[in-house]
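Structural overview
Letter by letter, the chains look like this.
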Amino acid sequence: MGIFQGFTRLPLKSTFIWPLCPHYSTALLAAVGRETSDRAPIVSSSQLIQHRYVHSRGLGASPANPDAGPPRLPFSRVTEKDLAFFRTLLPGRTITDPDLLKSSNIDWLKTVQGNSEVLLRPKTTEEVSRIIRYCNERNLAVCPQGGNTGLVGGSVPVFDEIILSTSLMNQVMTFDNISGILTCQAGCVLENLSHYLEDRDFIMPLDLGAKGSCHIGGNVSTNAGGLRLLRYGSLRGTVLGLEVVLADGRVLNCLATLRKDNTGYDLKQLFIGSEGTLGVITAVSILCPRKPKAVNVAFLGCSSFQQLLETFQCCRGMLGEILSAFEFLDASCMNLLVKHLKLTNPITECPFYIVIETAGSNATHDEEKLHNFLEEVMTSSLVTDGTVATEATKIKALWSLRERVTEALTHEGYTYKYDISLPVEKIYDLVQDMRGHLGDMAKNVVGYGHVGDGNLHLNITSPSKDPALLAAIEPYVYEWTAKWKGSISAEHGLGLKKRNYIYYSKPSETVALMGSIKAMLDPKGILNPYKTLPDNIH
């Protein structure tokens, strides 16, 4: 039985061999590497395709010039004098070698690329402060960069912005094992923090497929959601304090470790989700839950999305406080996992698959609740097949079927990715309507995501970049989302790729106020320009 020992099958199925899946953090990077043979051609950030027509507010590219990107703003260019300053401040940590800069100039998807000539690697908040102060005085644009795992072009330069990497700011500062409050530098890798906490019987409230590479500062800057949001809520609730370097170099110390503090404005909220456009996050304090003593993962199959939704309703009612995650992927996703990553479907083929995780303090109690739930959904025919894992290795193997969908998609050619938030009952309607709308134009239209959060990851693939296909997708996908009062960015942010579509989710008055806040905190606009805010605001 190999690794299947410890798996519990629901309806019995013949024995199969499940290949062990390396963790996303290593397998994904190794599989993807820095090759482009199975990817679309790299596109310069400044040439990234925007709107296919003029938005009603005059944003984006026009039909006559659909490939137009944002124009370079009148920032200064780096001189030898500037380099001398940086090398004095950061000896051995001022990178100008083009070969070493290459990976920092390109996004993880290899779809956008900048032309920065300088990568700075500070270790302390004081160094960040001096860098930003100097750049502000010199009118040099800066692109803050964490693990560079973003999917909207927010973490790479568009033109020649200086890349400020937090990779060496990777120290845990304090941990209170009574309150569970962790304080750390912004460059700490999420997976490393998880290991640190697990050794102390705690866990991070955040879990992502990219945990082996992403930085906690980048997670906070994009307000990343992830797999545990259903249980522990968003970072807007779990982040208790931030340390931020403002555009003029001042250090804003809001690094509180209090769960309750109602003395005036909660300024840290301005920087959560602002994608590095208002300040550079250098440290984070975050509330961490206790490590659960009992974890179970069920992988189930459903015949329809309606049955999946009914299973979700039943799950919330019967599992209650121990429910940690409720994720889904469709049959097309499973086909890609089998085809490209050679993973094995552990149950009979179904149109939809669910990953349910429970986490609690009493194994007997949790297993009884899970057993009762599974019995209910199986006898009522909401679920057609399934398997359950209780051991860490088997749990990891089941989770890989959800976490590695993004990796499988990279082998399909060019992928148009959309991170949509919708009323839960509507999330798969968008996938079906998009398939009907595109017909044979797309190679594949797949859907997966976080049912508990109403968050759909819609992915549309093509053998190569296809402007005609993009013209059919956009603005259709945004108009559809706006019609149902959804959000065009549930957890990925806006970055470079989505900035001009913000009006589909936010009224013009709100966007204008965002622009005013940006102008107040960063009058010269040096922090991550060309990102988040639409072109008419800069």
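Relevant structure appears above.
Residues numbered from 1 in each chain as written. Predicted model: local features only at pLDDT ≥ 70, side-chain atom pairs only at ≥ 80, totals over all residues. Heavy atoms only, no water.

1. Comments concerning the pairing of strand β15 (residues 352-360)
Within β15, nine of the nine residues are buried, leaving the element largely enclosed by the surrounding structure. Residues Phe352, Ile354, Ile356, Thr358 and Gly360 line one face of β15 and the alternating positions Tyr353, Val355, Glu357 and Ala359 line the opposite face, and both faces are buried. Alignment of strand β13 (residues 294-302) against β15, held across nine bridges, turns out to be antiparallel. Note that in β15 the partner of Val297 across the bridge is Glu357. Bridge analysis of strand β14 (residues 323-330) against β15 gives seven bridges, and the strand direction is antiparallel. By the bridge assignment for β15, Leu323 is matched with Thr358. (Buried < 20%, exposed > 50% of the residue type's maximum accessible area, 1.4 Å probe, protein only. Helix = DSSP H or I, 4+ residues; strand = E, 2+ residues; numbered from the N terminus. Pairing = 2+ DSSP bridges.)

2. Some words on the sheet that holds strand β5 (residues 119-120)
Read from one edge of the open sheet, four strands run β3-β5-β7-β6, paired in mixed fashion. Each of the sheet's edge strands pairs with one partner strand only, and the pair in question is β3 (94-95) and β6 (142-145). In this sheet, strand β7 (residues 162-165) lies alongside β6 in parallel orientation, the contact comprising four bridges. Considered in β7, the bridge of Val142 is made with Ile162. Sheet contacts for helix α4 (residues 125-138): β5, β6 and β7; angle to β7, the most-contacted strand, approximately 165°. (Contact = heavy atoms within 4.5 Å. Axes fitted to C-alpha atoms, helices over the stretch in contact; angles between N-to-C directions.)

3. Notes on the packing of aromatic side chains
Tallied over the entire structure, the rule returns 18 aromatic pairs. With centroids separated by 6.2 Å and ring planes inclined at 50°, the aromatic side chains of Trp480 and Trp484 adopt a geometry described as tilted. An aromatic cluster of three or more residues is present, and its members are Phe305, Phe328, Phe352 and Tyr428. Seen from the ring of Tyr196, Arg200 lies directly overhead, with NZ or CZ sitting 3.6 Å from the centre. (Phe/Tyr/Trp six-rings, centres within 6.5 Å; stacked < 30°, edge-to-face > 60°. Lys NZ or Arg CZ within 6 Å of the ring centre and 35° of its normal.)

4. Focus: the side chain of Glu491
Position of Glu491 among the secondary structure elements: in the loop between α17 (476-483) and α18 (508-521). Engagement of the side chain of Glu491 in a polar contact is seen with the side chain of His457, the distance being 3.0 Å. Among residues more than four places away in sequence, those in contact with Glu491 are Thr222, Asn223, Ala224, Gly225, Gly226, Asp419, His450, Asn455 and His457. (Polar contact = N/O pair within 3.5 Å; in protein donor to acceptor, adjacent residues only side chain to side chain.)

5. Points about a nonpolar patch on the surface
On the surface, a nonpolar cluster with roughly 340 Å² of combined accessible area is contributed by Tyr265, Leu267 and Leu270. The exposure class assigned to Leu267 is partly exposed, which follows from its relative accessible area of 35%. (Patch = residues over 30% accessible without salt bridge, like charges linked within 9 Å, V, L, I, M, F, W, Y side chains within 5 Å. Areas by Shrake-Rupley, 256 points an atom, 1.4 Å probe, with all protein chains shown as cover. Salt bridge = Lys/Arg side-chain N within 4 Å of Asp/Glu carboxyl O.)

6. As for the environment of Asn345
One can find Asn345 in the loop between α11 (331-341) and β15. Sequence separation between Asn345 and Leu401 is 56 residues, and the spatial gap between their C-alpha atoms is 8.3 Å. Reaching out from Asn345, the side chain makes a polar contact with the backbone nitrogen of Ile347 at a distance of 3.0 Å. Polar side-chain contacts of Asn345 include one of 2.9 Å to the side chain of Tyr353.

7. Let's talk about the sheet that holds strand β8 (residues 172-176)
Ordered in space as β8-β9-β12-β10-β11, the five strands form an open sheet in which the pairing is antiparallel. For this open sheet the edge positions go to β8 and β11 (251-254), each flanked by a neighbour on one side alone. The sheet shows a mean angle of 10° between the axes of neighbouring strands, taken without regard to direction. Taken together, the six bridges between strand β10 (residues 239-245) and strand β12 (residues 280-287) define a ladder with antiparallel strand orientation. Among the inter-strand pairings, Val239 is bridged to a residue of β12, identified as Ile286. Contacts from α4 reach β10, β11 and β12, with the element oriented near 45° to β10.

8. A short note on the pattern of salt bridges
This model, assessed by the stated rule, comprises 19 salt bridges. When the shortest N-O distance is used, the salt bridge between Arg138 and Asp82 registers 2.7 Å. Linking Arg138 in helix α4 with Asp82 in helix α2 (residues 80-89), this pair joins segments that are 56 residues apart in sequence. One salt bridge connects Arg250 with Asp248, and the closest N-O pair in it is separated by 2.7 Å. Taking the relative accessible area as the measure of exposure, Arg250 reaches 53% and is therefore exposed. For Asp248, a relative accessible area of 31% translates into the label partly exposed.

9. Quick notes on the pairing of strand β9 (residues 181-185)
Of all five residues in β9, five are buried; the element is thus mostly enclosed. What you see with β9 is no split at all: Ile181, Thr183 and Gln185 on one side and Leu182 and Cys184 on the other are buried throughout. Note: β8 against β9, four bridges, orientation antiparallel. Each residue of the ladder has a partner; that of Phe175, found in β9, is Leu182. Between β8 and β9, which pair antiparallel one after the other, the connecting turn spans four residues, and Gly180 there sits at a positive phi close to 80°. The sheet contact formed by β9 and β12 spans five bridges and is antiparallel. The residue of β12 that forms the bridge with Leu182 is Ile286.

10. Considering the packing of helix α15 (residues 427-438) against α17
Two numbers describe how α15 lies on α17: the axes approach to 11 Å, and their chain directions differ by 145°. Our pair here, α15 against α17, has a crossing hand that is right-handed. Where α15 abuts α17, its residues Asp429, Leu430, Asp433, Met434 and His437 lie against Tyr476, Val477, Trp480 and Thr481. Residues belonging to the contact of α15 with α17 are distributed by class as follows: five nonpolar, two polar and two charged. (Left-handed = near helix turned anticlockwise from the far one by under 90°. Nonpolar A, V, L, I, M, F, W, Y, C, P; charged D, E, K, R; others polar.)

11. Observations regarding the environment of Leu229
Summarising the element assignment, Leu229 is placed in helix α7 (residues 229-232). C-alpha separation for the pair Leu229 and Gly452, spaced 223 residues apart in sequence, amounts to 8.3 Å. Among all residues touching Leu229, those that are not within four sequence positions of it are Ser234 and Asp453.

12. Some thoughts on the packing of α2 against α4
It is the contact of α2 with α4, at a shortest axis distance of 11 Å, that shows an interaxial angle of 170°. One finds that α2 runs roughly antiparallel with respect to α4. For the pair α2 and α4, the contacting residues are Lys81, Asp82, Phe85, Phe86 and Leu89 in the first and Glu127, Arg130, Ile131, Tyr134, Cys135 and Arg138 in the second. (Parallel < 35°, antiparallel > 145°, perpendicular 65-115°, else oblique.)

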